[in-house]
Amino acid sequence: MTTDRQRLTASHVKVGCPLPGDTYDESGHLLLSVGHVIASESQLQTLLSRGLYVDIAVFQARFAEAGCSTAHEPRKFDPFLLRDSLKKRLNRALRSLDGEPEAVVQIREIADAIHELASTDPEGAIASGLLDDDENYAVRHSVSTAILCNLTSRALGWPDDRRASLVCAALSMNAPMLDLQNKLVGQAEALTPKQQDMVSHHPEVAAAALREAGVDDPVWIAAALEHHEHVGGSGYPHGVARPGKEGQLVRLADVFGALVSPRGDRKALTPPQAVRSLLLLEAQKPSAALASALVQTLGLFPPGTFVKLANGEIAVVHRRGGAPNTPMVASIASATGNPYMKPVRRDTERKDFAIAGLIPRGKVTTGYDLGVLWVRTI
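(A) Seen up close, the side chain of glutamate 123. On the secondary structure map, glutamate 123 appears in helix 5 (residues 122–130). On the accessibility criterion, glutamate 123 (17% relative accessible area) is buried.

(B) Representation of the sheet that holds strand 6 (residues 306–309). Pairing in this open sheet of five strands is antiparallel, and the strands run 9-8-7-6-10 from one edge to the other. What marks the edges here is a single partner per strand, and that holds for strand 9 (339–347) and strand 10 (355–358). Direction aside, neighbouring strands of the sheet carry axes that sit 40° apart on average. Across five bridges, strand 8 (residues 328–333) lies against strand 9 in antiparallel orientation. Along strand 9, the bridge assignment pairs alanine 333 with proline 339.

(C) Main features of the pattern of salt bridges. Under the counting rule described, the total for this entry stands at 18 salt bridges. For lysine 87, the salt bridge is made with aspartate 84, and the minimal N-O distance between the two is 3.4 Å. With lysine 87 and aspartate 84 both in helix 3 (residues 79–95) and three residues apart, the pair spans about one turn of that helix. In this structure, the salt-bridge partner of aspartate 132 is lysine 87, at a minimum N-O distance of 2.7 Å. Here aspartate 132, found in the loop between helix 5 and helix 6 (137–155), pairs with lysine 87, found in helix 3; they are 45 residues apart in sequence, far enough to count as distant.

(D) A look at the state of the cysteines. Taken as a whole, this structure holds zero disulfides when the rule is applied. Here cysteine 149 stays unpaired: no disulfide links it, and the sulfur of cysteine 168, its closest cysteine neighbor, is 11 Å away. Here cysteine 149 falls in the buried class, since its relative accessible area comes to 0%.

So, how was this worked out
In every chain, residue numbers begin from 1 and rise along the written sequence. Residues qualify for local features only when their pLDDT is at least 70, as the model is predicted, and side-chain atom pairs are given and counted only at 80 or more; totals for whole chains, interfaces and linings, by contrast, use all residues. Only hydrogens and water are removed before side-chain values are computed, so all heavy atoms of the structure are retained for them. The way it works is that DSSP assigns letters per residue, a run of H or I at least four long becomes a helix, a run of E at least two long becomes a strand, and they are numbered from the N terminus. To sort residues, take the accessible area from a 1.4 Å probe on protein chains only and compare it with the maximum for the residue type: under 20% means buried, over 50% means exposed, and anything in between is partly exposed. At least two DSSP bridges between two strands are required for those strands to pair. All axes are obtained by fitting lines to C-alpha atoms, using only the stretch in contact for helices, and the reported angles, taken between N-to-C directions, cover 0 to 180 degrees. What makes a salt bridge here is a side-chain nitrogen of Lys or Arg within 4 Å of a carboxyl oxygen of Asp or Glu, nothing more. Count a disulfide wherever a pair of cysteine sulfur atoms falls within 2.5 Å.

By themselves, these observations are geometric and do not establish any function.
Put into structure tokens, the structure is as follows:
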């Protein structure tokens, strides 16, 4: 490490606060970028024990005077900001996975942060995925899949270690094909033979890369390897007749994420349409119970869904309501299509605010970041 860096302590970095500058490990490798939000106390302590450094000039200008609430004081929790930070970290980790144990450490830490995000605000976590239009589809899709796996496995009562392995698998399942995945999302033509070969074998390549990097967690490896397998043997890459439930849950969350994302050859489904489609696809299959648990996690109108109200307003689903079909929403545009200056909360249990229809996300524009709806003090 160069001598022009300052090691940080707990007095300089706080849980839930954006970092004022880039931070490095003892060898000078970039660890966390400016703006990164540390999600949990355990993650912070791990980083500090390993050594977290910042350039002296940046420390003097930004860290020494940085003000932020401590972990024991009320703080703002922004699931969208945290998600953006996790995507950047995951992109770096996955692209350095090839035989690099440090990348595995990073993936485990990201999984811990996703647990913190999903536990603190499940609805905000879901909405942050459905409203994310980052051009790096591959990474945002992996984070969304991991969030849904975390939430659904919690509802199923799976133990913490099993859930952690599941989330790590969701994060790393597509590591070998990030660039191809980003290309295919906009490709209307059929896959070329080379592309098809990469798609068909990516679970094997991912599992091999994880093993090479030092992963010895059999649940993590199996879920990554089996996330395109189907009970009965109709999936790939090996046609496994009895894949594990972890891989099946990753597959289901993966399918939902694909259904709500536009592709070059088709439009995206709205989240409620994707929920119904997933139920129909899995209704007669052995994975029906897992699909039902995922759907219950999402709800009939998942947070982040755009709807038309009985009074003509356009609104976004904010949180669950008194019944599955009466969520709390925030109106963002009038019946004439004029955007509101700020969201207006509505209760769809009221007749004039009842949900009258679904609005495709691509048809909605706002003059502000909808993420503000989910920022709250904790």
